[in-house]
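Structural overview for review
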Amino acid sequence: MNQKDLLSIAKDFGSPVYVYDADKIISQYNRLTNAFKVNELRIHYAVKALSNISILKLLNSLGCGLDTVSIQEVKLGIKAGVGPAKIIYTPNGVSLEEIEEVVKLGAQINIDNLSILEQFGSRHPDIPVCIRINPHVMAGGNSKISVGHIDSKFGISIHQMPHLLRIVENTGMHINGIHMHTGSDILDIGVFLHASEILFEAARNFKELEFIDFGSGFKVPYREGDIETDIEDLGEQLTDKFEKFCKEYGRELALAFEPGKYLVSESGKFLAKVNVIKQTTSTVFAGIDTGFNHLIRPMFYGSHHEITNISNPDAKPRFYSVVGYICETDTFGNNRRIGEIREGDILSFSNAGAYCFSMASNFNSRYRPAEVLWYNGQAHLIRERETFEDLTRHQVEMNFDATSSVE
Ligand SMILES: Cc1ncc(COP(=O)(O)O)c(C=O)c1O
């Protein structure tokens, strides 16, 4: 998928528009599966990153399972044709009723607090459960996505193991998996390896394990020369540790991961049109036909997305602040060197596959954009742009009589 292809997608499907390159998703999946040479590797794609059904179908066709955090994601996965046995459900703070509904759908459940574990185990001792452990490791690219530390709401503290074991023993429940996820954008594989030791230690307490799930957090590059997780190095070192653990444990277990960003981040481009060039006393703004309603990561996490002017790729670069059309400050990038921008040009944002469309909203009553999948050298529309009917569909209108107002 080159810049000419992207320009013709913007022309044919309008802007703003999300475009995903299927080849990149496939090559990331293959790279990951080749890196871990274990007896059984289970990759569960984190649906929250990008939940379009066609993306789920593509991953399913590769043999990938799903990691879900809501019953709606489970249902989307099943609708996409993924077998429920290949879906793991790792919610946080949901009700027992929702967990029981998911069990009925056939997915593997992962429980991350002692209260629900006790209630679930008392009611359904025969249904196998995975346990999310909080290993108290500080990892992750920023505070919002660091989830394995001592102050985090996620997981059952490793220090609560005696209480956890008492619940398991008293209810007679079966623990078939043990899990951790310490954060996204982890820079150092040493963090994974350190946390894996803690998880192995915890795993020794359970005799019926079928899998160990190391979550995700693989770092992808956002700009040239950026650090990324050395997946081959991690593969070699973790495989070695895992095999040693399985020998001691006395049984071959499956090794599981649940990557989101790693599989889809780099596949995505977000295309937007420049509505206005505004020169002020301090900068030149390029105002585009979108805002944080469609791509919130720069404002929410301070994340970096490379911005290229695909309408004027060979032009001399100049400095711009690229901003949206929302009624609040929504700066996508300050002082960016971008090929000279003219009104009407199309800008392309990189790393737009993960946590971009899936975090989009209708703020300012704008329509959410279309999504396109580039597959086998062709553009396929996989989500239509919303329309005015979508904005009003679930609103229930009241009528007021102006003459009968309350005094
Ligand atoms: C439990 C869990 N698993 C997997 C992921 C996916 O992480 P990433 O997109 O960094 O691969 C997340 C992200 O929030 C998560 O919370």
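Along each chain, residues carry numbers from 1 onward, in the same order as the chain's sequence is written. Residues qualify for local features only when their pLDDT is at least 70, as the model is predicted, and side-chain atom pairs are given and counted only at 80 or more; totals for whole chains, interfaces and linings, by contrast, use all residues.

1. Some words on the overall build of the protein
Within the protein, the regular secondary structure consists of 12 helices and 18 strands. Note that the radius of gyration is over C-alpha atoms, with the globule rule given as 2.2 Å times the number of residues to the power 0.38. Against the compact-globule benchmark of 22 Å for 407 residues, the protein has a radius of gyration of 23 Å, which places it among compact chains. Reported as C-alpha extents along the three principal axes, the dimensions of the protein are approximately 65 × 65 × 40 Å. Looking at the protein as a whole, 42% of its 407 residues are labelled buried. Counting contacts in the protein only where the partners sit at least 6 residues apart, residues at least 24 apart contribute 68% of the total. Strands are runs of DSSP state E lasting at least 2 residues, helices are runs of H or I lasting at least 4, and numbering of each runs from the N terminus. Residue burial is a threshold on neighbouring C-beta atoms within 10 Å of the residue's own C-beta, all placed from the backbone, with 20 or more meaning buried, 12 or fewer meaning exposed, and counts in between meaning partly exposed. The contact criterion used here is simple: two residues whose C-beta atoms, placed from the backbone, lie within 7 Å are in contact.

2. Let's talk about the packing of helix 2 (residues 22-35) against helix 9 (residues 231-249)
Note on geometry: axes are lines fitted to C-alpha atoms, helical ones only across the stretch in contact, with angles between N-to-C directions running from 0 to 180 degrees. Close contact between helix 2 and helix 9 brings their axes to 8 Å; oriented N to C, the two are set at 30°. Classed by the angle they form, the pair helix 2 and helix 9 counts as roughly parallel. Crossing geometry of helix 2 relative to helix 9 is assigned as right-handed. Taken together, the residues of helix 9 that come into contact with helix 2 (itself represented by Arg31, Leu32 and Ala35) are Ile231, Glu232, Leu234 and Gly235. Residue polarity follows a fixed list, in which Ala, Val, Leu, Ile, Met, Phe, Trp, Tyr, Cys and Pro are nonpolar, Asp, Glu, Lys and Arg are charged, and the others, Gly among them, are polar. Looking at the contact of helix 2 with helix 9 residue by residue, the classes come out as 4 nonpolar, 1 polar and 2 charged. Any angle that is under 35 degrees is reported as roughly parallel, and any over 145 degrees as roughly antiparallel; angles of 65 to 115 degrees are reported as roughly perpendicular and all others as oblique. Each helix crossing is assigned a hand: it is left-handed if the near helix lies turned anticlockwise from the far helix by less than a right angle, otherwise right-handed if that turn is clockwise.

3. As for the UniProt feature "modified residue: N6-(pyridoxal phosphate)lysine" (unreviewed entry) in the protein
Residues annotated in UniProt with the feature "modified residue: N6-(pyridoxal phosphate)lysine" (unreviewed entry) correspond here to Lys48. Note that Lys48 resides in the loop between strand 2 (40-46) and helix 3 (53-62). On the basis of neighbour count, Lys48 is assigned to the partly exposed category, with 16 C-beta atoms found within 10 Å. Beyond its immediate stretch of four places on either side in the chain, Lys48 contacts Val69, Glu73, Gly260 and Ser358. UniProt positions are given in the numbering used here, feature names are shortened, and annotations may be inferred rather than shown by experiment.

4. A closer look at helix 2
Multiplying 1.5 Å by the helix residue count minus one yields the expected span of that helix. Look at helix 2: 20 Å from first C-alpha to last across 14 residues, which is about the 20 Å you get at 1.5 Å a residue. By the burial criterion, the buried members of helix 2 are Ile25, Gln28, Tyr29 and Leu32. One side of helix 2 carries all its buried residues, which in axial view fall inside an arc of 100°. Those residues of helix 2 that are exposed and angled more than 90 degrees off the buried face are Asn30 and Asn34. The arc in question is the one traced by the directions running from the helix axis out to the C-beta atoms.

5. A look at the nonpolar core
To define a nonpolar core, we join buried Ala, Val, Leu, Ile, Met, Phe, Trp, Tyr and Cys residues through C-beta atoms within 7 Å and take the resulting set. Core analysis: the biggest nonpolar cluster contains 97 residues, and Val17, Tyr18, Val19, Ile131, Ile212, Leu271 and Val372 have the highest contact counts within it. Per-domain counts for this core show at least three residues from each of domain 1 (51-259) and domain 2 (265-383). In this structure, Leu271 is in contact with Leu6, Ile9, Ala10, Ser15, Pro16, Val17, Val19, Ile346 and Ser348, ignoring residues within four places of it in sequence. Domains are outlined according to an automatic or database domain assignment.

6. With respect to the domain arrangement of the protein
Segmenting the protein into domains produces domain 1 (51-259) and domain 2 (265-383). Here domain 1 and domain 2 have C-alpha centroids that lie 33 Å from each other. At the junction of the two partners, domain 1 supplies 8 residues and domain 2 supplies 12 residues.

7. Examining the pairing of strand 12 (residues 284-288)
Paired strands, as defined in this entry, are two strands with at least two bridges between them according to DSSP. Note: strand 11 (residues 268-279) against strand 12, 5 bridges, orientation antiparallel. If you follow Lys278 over to strand 12, its bridge partner there is Phe285. In textbook terms, the turn of a hairpin is the stretch between consecutive antiparallel strands, and for strand 11 and strand 12 this stretch comprises 4 residues. Pairing analysis gives 3 bridges linking strand 12 to strand 14 (residues 317-323), with the strands arranged parallel. Each residue of the ladder has a partner; that of Ala286, found in strand 14, is Val322.

8. Here's the deal with helix 8 (residues 189-203)
With 15 residues, helix 8 ought to run about 21 Å at 1.5 Å a step, and its terminal C-alpha atoms sit 21 Å apart, in line with that. Every buried residue belonging to helix 8 is among Phe192, Ala195, Ser196, Leu199 and Ala203, and all of these are buried. For helix 8, the arc enclosing every buried residue in end-on projection is 115°, short of the 170-degree limit, so these residues lie on one face. With respect to the buried face of helix 8, the exposed residues turned more than 90 degrees away are Gly190 and Glu197.

9. Some details on the environment of Gln279
Relative to the helices and strands, Gln279 is located in strand 11. Through-space distance from the C-alpha of Gln279 to that of Ala402 is 47 Å; in sequence the pair is 123 residues apart.

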